[in-house]
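Here is how the chains run, residue by residue.
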Amino acid sequence: SQTIHQWPATLVQPVGSPLSLECTVEGTSNPNLYWYRQAAGRGLQLLFYSVGIGQISSEVPQNLSASRPQDRQFILSSKKLLLSDSGFYLCAWIQGVTEAFFGQGTRLTVV
Amino acid sequence: AQSVTQLDSQVPVFEEAPVELRCNYSSSVSVYLFWYVQYPNQGLQLLLKYLSGSTLVKGINGFEAEFNKSQTSFHLRKPSVHISDTAEYFCAVSLRNTGFQKLVFGTGTRLLVSP
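Parameters at a glance
- Residues numbered from 1 in each chain as written.
- Chains lettered and ligands numbered in written order.
- Predicted model: local features only at pLDDT ≥ 70, side-chain atom pairs only at ≥ 80, totals over all residues.
- Heavy atoms only, no water.
- Contact = heavy atoms within 4.5 Å.
- Salt bridge = Lys/Arg side-chain N within 4 Å of Asp/Glu carboxyl O.
- Polar contact = N/O pair within 3.5 Å; in protein donor to acceptor, adjacent residues only side chain to side chain.
- Helix = DSSP H or I, 4+ residues; strand = E, 2+ residues; numbered from the N terminus.
- Nonpolar A, V, L, I, M, F, W, Y, C, P; charged D, E, K, R; others polar.
- Disulfide = S-S within 2.5 Å.
- Buried < 20%, exposed > 50% of the residue type's maximum accessible area, 1.4 Å probe, protein only.

1. A few points about the interface of chain A and chain B
Right, so step 1: Counting from both sides, the interface comprises 23 residues of chain A and, opposite them, 21 residues of chain B.
Right, so step 2: In this structure, the connection of chain A to chain B is made through zero salt bridges.
Right, so step 3: Counting the contacts that link chain A with chain B gives three residue pairs in polar contact (both at pLDDT 80 or more).
Right, so step 4: Mapped by element, the contributors of at least two residues to the side of chain A that touches chain B are strand S4 (32-38), strand S5 (44-52), strand S9 (87-95) and strand S10 (99-102) of chain A.
Right, so step 5: In the side of chain A that touches chain B, the residues fall into 12 nonpolar, seven polar and four charged.

Have a look at this one:
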């Protein structure tokens, strides 16, 4: 069966430190993968999506980057975190036109 | 550009009362519509979806939603809520864009059920 793993669940990082969030999927190949961020009072904002290895598209300009080193692995990174990077990050895999699977999310607090 | 509007950021309701969470969308093309629920510090769980056919869609946990094309709305309803329904609810539209699927979410509505 298809599953999506995301870690860590919570993270507290100082301003200026690097970030790496990982997402992996099982039970499928060549999935379309997405990173969303949920900031307080702002709903879910699409940050990046990837349709294949090495293929990354950014939806909004920001301090973050994404990479797809393997078919079922999607990584969200930052070289230097800002306070405004705090939020709840969700990895998603969307299959076909109607099926979306979400990870459990990462609560990032930048202090 | 496509967008989803959830006018109510928070809806307080008493247990066993009915509830309606509102969702309106704008799009120049046909869309698929979804409602997701998010419990604290968890990912999103699909409640229901409208793809085509009957405009009244039934989902899990006793929820239902009605697609109204003329009003571009997809409101979520439940005739009698439970304490356990306390969560954040997101309306979303699915668009096809340059060969991949994109989910656009509303800002969410927090449902607070009290005894």
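Text resumes after the structure shown.
2. A few points about the state of the cysteines
Residue and element names in this part refer to chain B.
Right, so step 1: Enumeration over the complete set of coordinates arrives at two disulfides over all chains.
Right, so step 2: Linked covalently through their sulfurs, cysteine 23 and cysteine 91 form a disulfide whose S-S length is 1.9 Å. Note on the cysteine 23 and cysteine 91 pair: the S-S dihedral is about -65°, so by sign convention the disulfide is left-handed. With cysteine 23 in the loop between strand S3 (19-21) and strand S4 (24-26) and cysteine 91 in strand S10 (residues 87-97), this pair connects stretches of sequence that are 68 residues apart.
Right, so step 3: Cysteine 91 gets classed as buried once you look at its relative accessible area, which sits at 0%.

3. With respect to the pattern of salt bridges
All names here are of chain B.
Right, so step 1: Summed over the entire model, instances satisfying the criterion amount to eight salt bridges over all chains.
Right, so step 2: For aspartate 85, the salt bridge identified is with lysine 78, shortest N-O distance 2.8 Å.
Right, so step 3: The exposure class of lysine 78 is buried, given its relative accessible area of 6%.
Right, so step 4: Within the structure, one salt-bridge network assembled from shared partners comprises Glu20, Glu66 and Arg77.

4. A closer look at unusual backbone geometry
Right, so step 1: At the junction of tryptophan 7 of chain A and proline 8 of chain A, the peptide bond is cis and its omega measures out at 0° in the coordinates.
Right, so step 2: The residue proline 8 of chain A is located in the loop between strand S1 (3-7) and strand S2 (10-13) in this model.
Right, so step 3: Even without a glycine there, the phi angle at asparagine 30 of chain A is positive, about 50°.
Right, so step 4: Checked against the element boundaries, asparagine 30 of chain A lands in the loop between strand S3 (19-26) and S4.
Right, so step 5: Within the chain, threonine 72 of chain B stands out as a residue other than glycine whose phi angle is a positive 45°.
Right, so step 6: On the secondary structure map, threonine 72 of chain B appears in the loop between strand S8 (64-68) and strand S9 (73-78).

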